Amino acid sequence: MKAVTWHGKHDVRTETVEDPKILDPNDVLLKVTSTAICGSDLHLYAGSIPEMRSGDVLGHEFMGEVVETGANVSRIKKGQRVVVPFCIACGECYFCKHDQTSLCDNTNPDAHKVEELYGYSGSGLFGYSHLFGGYAGGQAEYVRVPHADVGCYVIPNGIPDEQVLFLTDIFPTGYQAADQCDLKGGETVAIWGAGPVGLFAALSCKLLGAGRVVVIDRIPFRLEMAREKVGVETLHLDKDDIYERLREITDGRGPDCCIDAVGLDAHGTSLHEMYDKVKRAVGLETDDGTALRQAINCCRKGGVVSVPGVYGGVVDKYPIGAQFGKALRMIGGQTHVHRYLDRLFDHVQNGVDASFPITHRASLDEASDLYETFRTKEDECVKVVMRP
Ligand code: NAD
Ligand code: ZN
């Protein structure tokens with residue numbers, strides 16, 4: 001079959017690889033109908049994630065039709081259309097039972113490596129290195145889905161792929177970022193990053209009752225999309241004095257909640273470098289965490305800083321004094337996608353347009369160019385969807 005494979009920094013290719021097979025009785029095989037490139041894929045593209053191997057199949061945002069089911073699969077049937085959360089969950093462990101599926105204890109056979117590096121471990125992930133299980137991803141014609149009864153979310157016919165594809169990741173990720181702010185209604189929320197995650201966080205803040213939402217970025221057409229398609233206010237990272245402007249609109253206090261939807265610099269502070277340094281437990285000098293530091297700095301006393309942006313290892317100059325002194329509640333993490341599927345699918349059925357960030361549509365053959373376009377944000381690119 002055709003698949004998008006990783007070969008090193010800024011080197012992805014569309015090639016022919018072996019078809020996936022059922023390896024476990026709880027697996028299904030999907031014929032992929034739509035798949036997207038995520039900001040998290042840019043960390044792989046930048047060569048920032050250790051334990052990638054040449055030829056690994058990329059992609060954790062995908063949906064398709066079930067073409068084969070393993071012997072133990074009971075809920076999911078051949079022929080069904082499903083979307084699949086990016087985090088693989090067993091449904092049985094303590095964390096799955098407590099609705100924290102991205103922390104699943106049973107789906108990452110490489111957990112010991114993550115544990116050793118970062119001191120924690122979470123679920124297996126599709127298309128995300130041999131730190132997270134080495135599962136082949138879904139930027140391909142076919143993909144194997146383990147724990148299919150837990151993961152697959154059935155989509156009735158008649159709803160286009162583009163309205164539900166982002167249930168796999170970025171819609172729930174934006175939603176969880178907002179949900180973790182514990183909005184009661186009327187709050188002011190500032191969001192760093194007008195990428196797909198920041199935009200879905202903005203939309204979700206509105207769905208959850210925020211009074212005022214301000215999105216911050218430096219890319220004009222992404223800010224424009226935030227204003228026009230999500231209906232929120234924007235600030236320009238380099239042209240506006242972010243701290244002062246946010247103070248001005250909050251009676252001098254700062255936003256009630258700040259969301260960092262940026263994370264690690266996608267242009268590549270290498271986690272390989274961190275890898276060694278973390279082990280030696282020394283400080284780092286990087287620019288990573290700029291958005292995080294600004295979010296902590298701007299947030300009002302007693303507020304919430306919610307971090308969907310991905311970090312690994314350590315971030316230099318994390319302002320723990322401000323966090324402590326301002327009594328901020330910090331919360332982050334991979335998204336517990338399964339938790340939000342029903343809720344968000346209802347929103348889609350009730351008319352929320354979940355396809356709004358899509359700017360580029362193509363086939364798998366164009367993946368190499370599209371990764372580059374999505375990285376550079378040229379050609380007014382916000383979100384890329386490929387149809388095998
Ligand atoms: P993206 O690269 O398309 O968007 C990031 C945006 O941040 C860009 O528009 C960029 O211009 C902007 N930016 C960069 N530095 C900034 C700064 N200092 N202040 C304000 N804006 C800044 O990526 P995306 O798809 O939107 O993903 C964003 C982050 O969310 C990534 O780190 C990704 O890995 C992460 N993510 C996390 C989860 C999760 O489970 N927690 C899931 C999906 C994505
Ligand atoms: Zn993603």
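Computed from a predicted structure; not experimentally measured. (Residues numbered from 1 in each chain as written. Chains lettered and ligands numbered in written order. Predicted model: local features only at pLDDT ≥ 70, side-chain atom pairs only at ≥ 80, totals over all residues.)

1. Side note on the overall build of the protein
For the protein, the count of helices and strands is 14 helices and 18 strands. On C-alpha atoms alone, the protein measures out to a radius of gyration of 20 Å, which is about the 21 Å that the 2.2 N^0.38 rule sets for 388 residues. In terms of principal-axis extent, the alpha carbons of the protein reach across some 60 × 50 × 45 Å. A burial count over the protein gives 51% of its 388 residues as buried. (Helix = DSSP H or I, 4+ residues; strand = E, 2+ residues; numbered from the N terminus. Rg over C-alpha atoms; globule rule 2.2 N^0.38 Å. Buried ≥ 20, exposed ≤ 12 C-beta atoms within 10 Å, placed from the backbone.)

2. Comments concerning the confidence of the model for the protein
On average, residues of the protein carry a pLDDT of 93, and 93% of them reach 70 or more. When the criterion is pLDDT under 50, residues 266–270 qualifies, and its contacts beyond four places in sequence or with other chains add up to 15 contacts. This model gives residues 281–285 a pLDDT under 50, and the stretch forms 7 contacts once residues within four places in sequence are excluded. Here the complex is predicted with pTM 0.95, and the ipTM for its interfaces comes to 0.99. (pLDDT = per-residue confidence, 0-100. Contact = placed C-beta atoms within 7 Å.)

3. Observations concerning helix H6 (residues 170–179)
Across the 10 residues of H6, 10 count as buried, placing the element largely inside the fold. Taken together, the buried positions of H6 are occupied by Ile-170, Phe-171, Pro-172, Thr-173, Gly-174, Tyr-175, Gln-176, Ala-177, Ala-178 and Asp-179. Considering only its buried residues, H6 is in contact with helix H7 (196–207), strand E14 (257–260), strand E15 (304–307) and helix H13 (337–349).

4. Comments concerning the environment of Gly-209
Among the structural elements, Gly-209 can be located in the loop between H7 and strand E12 (212–217). Residue classification places Gly-209 among the exposed residues on the basis of 12 C-beta atoms within 10 Å. The residues contacting Gly-209, other than those within four sequence positions of it, are Leu-183 and Gly-185.

5. Section: the sheet that holds strand E1 (residues 2–6)
Strands sit in the order E2-E1-E4 across an open sheet of 3 strands; the sheet is antiparallel. Whereas interior strands pair on both sides, the edge strands pair on one side only; in this sheet they are strand E2 (12–16) and strand E4 (56–57). Here E1 runs beside E4; their pairing, made up of 2 bridges, is antiparallel. Within the sheet, the bridge partner assigned to Thr-5 lies in E4 and is Val-57. Along the sheet face, helix H14 (residues 367–376) touches E1 and E2 and points at about 160 degrees away from the line of E2. (Pairing = 2+ DSSP bridges. Axes fitted to C-alpha atoms, helices over the stretch in contact; angles between N-to-C directions.)

6. Observations concerning the nonpolar core
In terms of nonpolar packing, the biggest core is built from 114 residues, with Val-82, Ile-191, Ala-201, Ala-202 and Val-215 touching the most fellow members. Ignoring sequence-local partners within four residues, the contact set of Ile-191 consists of Gly-198, Ala-201, Ala-202, Val-213, Val-215, Ile-216, Ile-259 and Ala-261. (Core = buried A, V, L, I, M, F, W, Y, C linked by C-beta atoms within 7 Å.)

7. Section: the UniProt feature "domain: Alcohol dehydrogenase-like C-terminal" (unreviewed entry) in the protein
UniProt's entry tags residues 196–264 with the feature "domain: Alcohol dehydrogenase-like C-terminal" (unreviewed entry), counted in the numbering of this structure. This span, residues 196–264, is 43% helix and 20% strand, and a straight line between its end C-alpha atoms measures 15 Å. (UniProt positions renumbered as here; feature names shortened; annotations may be inferred.)

8. Some words on the site of ligand 1
Among the 33 residues in the neighbourhood of ligand 1, the closest are listed as Gly-39, Gly-193, Gly-195, Gly-263 and Val-310. Elements that contribute at least two residues to the shell around ligand 1 include exactly helix H1 (39–45), H6, H7, E12 and helix H11 (290–298). At 4 residues, the largest contribution of residues to the shell around ligand 1 is made by H1. Here the residues of the shell around ligand 1 sort into 17 nonpolar, 12 polar and 4 charged. (Near = placed C-beta within 6 Å. Nonpolar A, V, L, I, M, F, W, Y, C, P; charged D, E, K, R; others polar.)

9. Focus on the packing of H6 against H13
The geometry of H6 relative to H13 is characterised by a closest axis approach of 9 Å and an angle of 95 degrees between their N-to-C directions. Overall, the two elements H6 and H13 adopt an arrangement that is roughly perpendicular. Contacts between H6 and H13 pair Phe-171, Pro-172, Tyr-175 and Gln-176 from the former with Val-337, Tyr-340 and Leu-344 from the latter. Tallied by class, residues from the contact of H6 with H13 come to 6 nonpolar, 1 polar and no charged. (Parallel < 35°, antiparallel > 145°, perpendicular 65-115°, else oblique.)

10. Some words on unusual backbone geometry
Peptide bonds are, in most cases, trans, and in most cases residues other than glycine have a negative phi. Notably, His-147 is not glycine yet its phi reads approximately 45 degrees, a positive angle. Phi at Lys-377 takes a positive value of approximately 60 degrees, unusual for a residue other than glycine. Within the secondary structure, Lys-377 is located in the loop between H14 and strand E18 (383–386).

11. Topic: the pairing of E1
Among the 5 residues that make up E1, 4 are buried, leaving the element largely enclosed by the rest of the structure. Strand direction decides the pairing type here: E1 and E2, joined by 5 bridges, are antiparallel. Within E2, the position partnered with Thr-5 by the bridge is Arg-13. Between E1 and E2, which pair antiparallel and follow one another directly, the connecting turn spans 5 residues, one of which, Gly-8, has a positive phi of 135 degrees.

12. A closer look at the pairing of strand E9 (residues 142–145)
Side chains Tyr-142 and Arg-144 project from E9 onto one buried face, and the interleaved Val-143 and Val-145 project onto a second face that is buried too. Where strand E3 (residues 28–37) meets E9, 4 bridges bridge the pair, whose relative direction is antiparallel. Its bridge partner being in E9, Lys-31 is matched across the sheet by Tyr-142.

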